[in-house]
Amino acid sequence: MTEKKKIGIMGGTFDPIHLGHLILGEEAYRQLDLDQVLYMPAGNPPHKRNRTGRAADEDRVQMIRLAIAGNPHFALSLFDMREEGYSYTYRLLETLNSEYSDCEFYFIMGADSLVDFDTWMNPQRIANAAHLVVATRNQMSNDSFEALLQKRREQYHGDFLRLDTPNLDISSQHLRELVGSGASVKYYVPDPVLDYIREHSLYRISE
Ligand code: ATP
Ligand code: MG
């Protein structure tokens, strides 16, 4: 029997994609010996659509393209944008499993997502459908992070894996606020993304 391909899934809104997302994907690729990492933007949930200060789906997708260009083991996947409306992670992972039986999936997330995990739709089905790969975030202490991982393992009997990454205190929300107030986000996003944000006047809420 041939070994299954190990596919990392980086899900998120990527509004905009930033270095935290890219380093997370790269570390998961390296530390878990993945074959590929797919950046999979979620369709905008209805309550976020066309909100001022938010980028359109096409812009978020285009910024991901620019950010991952030239990395042979990163790819963009629009799989999660196929459906209209809110995308559910359990449904996404179950669909991926049934459509790609030659792959196993590693769902990559920051610790903030693990904190919220219980409130996601059908968390048990998520834990059944994929390995969950978690990186620290928001200055969470090492002890709290370990305790949270252990708690989730006991709750769901799933494979919750710890990823070691630098604690990069970067969030898309903060970047949107910076741009909105006229500040630069240079070094927080790759240069082509910076140019794209400028050229398309994204996140300029005051306009
Ligand atoms: P927003 O501020 O709009 O929520 P975000 O920066 O949290 O944006 P998302 O698109 O919500 O980015 O995140 C996608 C995934 O990447 C989530 O699992 C999130 O925890 C993780 N992530 C984002 N930024 C970081 C970071 N700096 N360090 C670790 N994980 C991160
Ligand atoms: Mg977030």
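Going by the structure above, here's the rest.
A brief look at the structure comes next. (Residues numbered from 1 in each chain as written. Chains lettered and ligands numbered in written order. Predicted model: local features only at pLDDT ≥ 70, side-chain atom pairs only at ≥ 80, totals over all residues.)

**Side note on the sheet that holds strand 2 (residues 36-41)**
Then step 1. Spatially, the six strands line up as an open sheet ordered 3-2-1-4-5-6, and their pairing is parallel. Edge strands, defined here as strands with exactly one partner in the open sheet, are strand 3 (74-76) and strand 6 (160-163). The mean inter-strand angle of the sheet, taken between neighbouring strand axes irrespective of direction, is 30 degrees.
Then step 2. Bridging between strand 1 (residues 5-12) and strand 4 (residues 103-110) involves six bridges; their strand directions are parallel. Among the inter-strand pairings, Ile9 is bridged to a residue of strand 4, identified as Phe107. (Pairing = 2+ DSSP bridges. Helix = DSSP H or I, 4+ residues; strand = E, 2+ residues; numbered from the N terminus. Axes fitted to C-alpha atoms, helices over the stretch in contact; angles between N-to-C directions.)

**A short note on the site of ligand 1**
Then step 1. Taken together, 18 residues lie near ligand 1, and Gly12, Gly20, Gly110, Ser172 and Gln173 sit nearest.
Then step 2. When contributions to the shell around ligand 1 are tallied by element, the ones reaching two or more residues are helix 1 (19-31), strand 4, helix 4 (111-116) and helix 7 (172-180).
Then step 3. Split into classes, the residues belonging to the shell around ligand 1 amount to six nonpolar, nine polar and three charged. (Near = placed C-beta within 6 Å. Nonpolar A, V, L, I, M, F, W, Y, C, P; charged D, E, K, R; others polar.)

**Focus on helix 2 (residues 57-68)**
Then step 1. Given a rise of 1.5 Å per residue, twelve residues ought to cover 16 Å, and the 17 Å separating the end C-alpha atoms of helix 2 matches this to within 8%.
Then step 2. Of the positions making up helix 2, those classed as buried are Arg60, Met63, Ile64, Ala67 and Ile68. All buried residues of helix 2 lie within an arc of 115 degrees about the axis, which places them on one face of the element.
Then step 3. Structurally, helix 2 contributes buried residues whose contacts are with helix 1, strand 2, strand 3 and helix 8 (191-199).
Then step 4. Directly beyond the C-terminal end of helix 2, a positive phi value near 90 degrees is found at Gly70. (Expected span 1.5 Å × (residues − 1). Buried ≥ 20, exposed ≤ 12 C-beta atoms within 10 Å, placed from the backbone. Arc of directions from axis to C-beta. Contact = placed C-beta atoms within 7 Å.)

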